[in-house]
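What follows is each chain in one-letter form.
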Amino acid sequence: GQTPEGVPYYTMRFIRGETTLATAIDAAKEKGIEERLALLEPFLKGCDALRYAHSRGVIHRDLTPENVALGEFGEAVVLAWGIARARGSKEAGLDRLARHIDADREATDLQTIASAIGTPGYMPPEEVSGEPETMDERSDVYSLGAILFEILTGRLPHEAKSFYELTSKLLSEEAPDARDLDETVPGALADLCAAGLARSMDARPPTADALATAIRNWQVERERDREVEGFLREARSTLDAA
């Protein structure tokens, strides 16, 4: 809208709480796997937000744990849609945006190139290659895979001191297996990370919904296995008592 004086404005939702998924991951990374797996709930809510955006033809392109705000009552809100792009639309203002992000990367000791956008560490290979027009929903899936990897292991898939080092790793190396960093990581989730972090876009889950559905199916199977284990323990105790 506009004020009576003609000054343009817009309103945004106010999110109560000071926690992000990034601070939650940092607090849980030194704890056991169960504490880290508890972060799957806000992660899945973030996937649901991306599921809706993708259904409307919008690609986020800058997904990070810092951009997922956690509210006081269990809300998870995906923020920072400033470099989102509608599928099939022309790239408006990319040069100005790239210059702005270039300055940000220099300030954090991660150099970038003029045609790269996004946040180092969560950027897919097709993004750092300087071809943002090739990005689609699977690019967001890569970023979700990086966040999931960080939840499970406490670190990013590719660690680097410069943007060029990171670019080299993204374009030439597959991400490490999460189980190689922490043997307590469930195998099914490690495999999902590997799929989400695949260098080839075609090898990744096609949508955020597909990734979230696979995780939720794993949660159901895990709970079923726990129930079976509980019944077995009870049966053994009864037999021992008899």
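Structural data are supplied above this passage.
The text that follows walks through the structure, step by step, so that each part is easy to find.

Criteria and cut-off values
Residues numbered from 1 in each chain as written. Predicted model: local features only at pLDDT ≥ 70, side-chain atom pairs only at ≥ 80, totals over all residues. Heavy atoms only, no water. Pairing = 2+ DSSP bridges. Helix = DSSP H or I, 4+ residues; strand = E, 2+ residues; numbered from the N terminus. Contact = heavy atoms within 4.5 Å. Axes fitted to C-alpha atoms, helices over the stretch in contact; angles between N-to-C directions. Parallel < 35°, antiparallel > 145°, perpendicular 65-115°, else oblique. Nonpolar A, V, L, I, M, F, W, Y, C, P; charged D, E, K, R; others polar. Salt bridge = Lys/Arg side-chain N within 4 Å of Asp/Glu carboxyl O.

Quick notes on the sheet that holds strand S3 (residues 68-70)
Backbone hydrogen bonds are what pair the strands of a sheet, in a parallel or an antiparallel way. On the basis of which strands lie adjacent, the open sheet formed by 3 strands has the order S1-S3-S4 and antiparallel pairing. In this open sheet, the two strands that pair with only one neighbour each are strand S1 (19-20) and strand S4 (76-78). The pairing of S1 with S3 spans 2 bridges and is classified as antiparallel. Directly across from threonine 19, in S3, lies its bridge partner leucine 70. Taken strand by strand, helix H3 (residues 40-55) contacts S3 and S4, and its axis lies near 40 degrees from that of S4.

Quick notes on the packing of helix H9 (residues 187-196) against helix H10 (residues 208-241)
Orientation of H9 relative to H10, taken along the N-to-C sense of each, is 175 degrees, at an axis distance of 10 Å. Comparing their axes, H10 and H9 come out roughly antiparallel. Judged by residue contacts, Ala188, Leu189 and Leu192 of H9 engage Leu211, Ala214, Ile215 and Trp218 from H10. Grouping the constituent residues of the contact of H9 with H10 by class yields 7 nonpolar, no polar and no charged.

Digging into the pattern of salt bridges
Under the defined criterion, the tally for this structure stands at 15 salt bridges. The closest approach of N and O atoms between glutamate 34 and arginine 222, which form a salt bridge, is 2.4 Å. Remark: arginine 222 occurs in helix H10 and glutamate 34 occurs in helix H2 (residues 33-37); sequence separation between them is 188 residues. A salt bridge links arginine 199 to glutamate 174; the nearest nitrogen and oxygen atoms lie 3.3 Å apart. Linking arginine 199 in the loop between H9 and H10 with glutamate 174 in the loop between helix H7 (163-172) and helix H8 (178-181), this pair joins segments that are 25 residues apart in sequence.

Details of the packing of H3 against helix H6 (residues 137-153)
Running from N to C, H3 and H6 point in directions that differ by 175 degrees, and their axes come no closer than 11 Å. As the angle between them shows, H3 and H6 are arranged roughly antiparallel. Of the residues in H6, those in contact with Leu40, Phe43, Cys47, Leu50 and His54 of H3 are Glu137, Asp140, Leu144, Ile147, Leu148 and Ile151. Looking at the contact of H3 with H6 residue by residue, the classes come out as 8 nonpolar, 1 polar and 2 charged.

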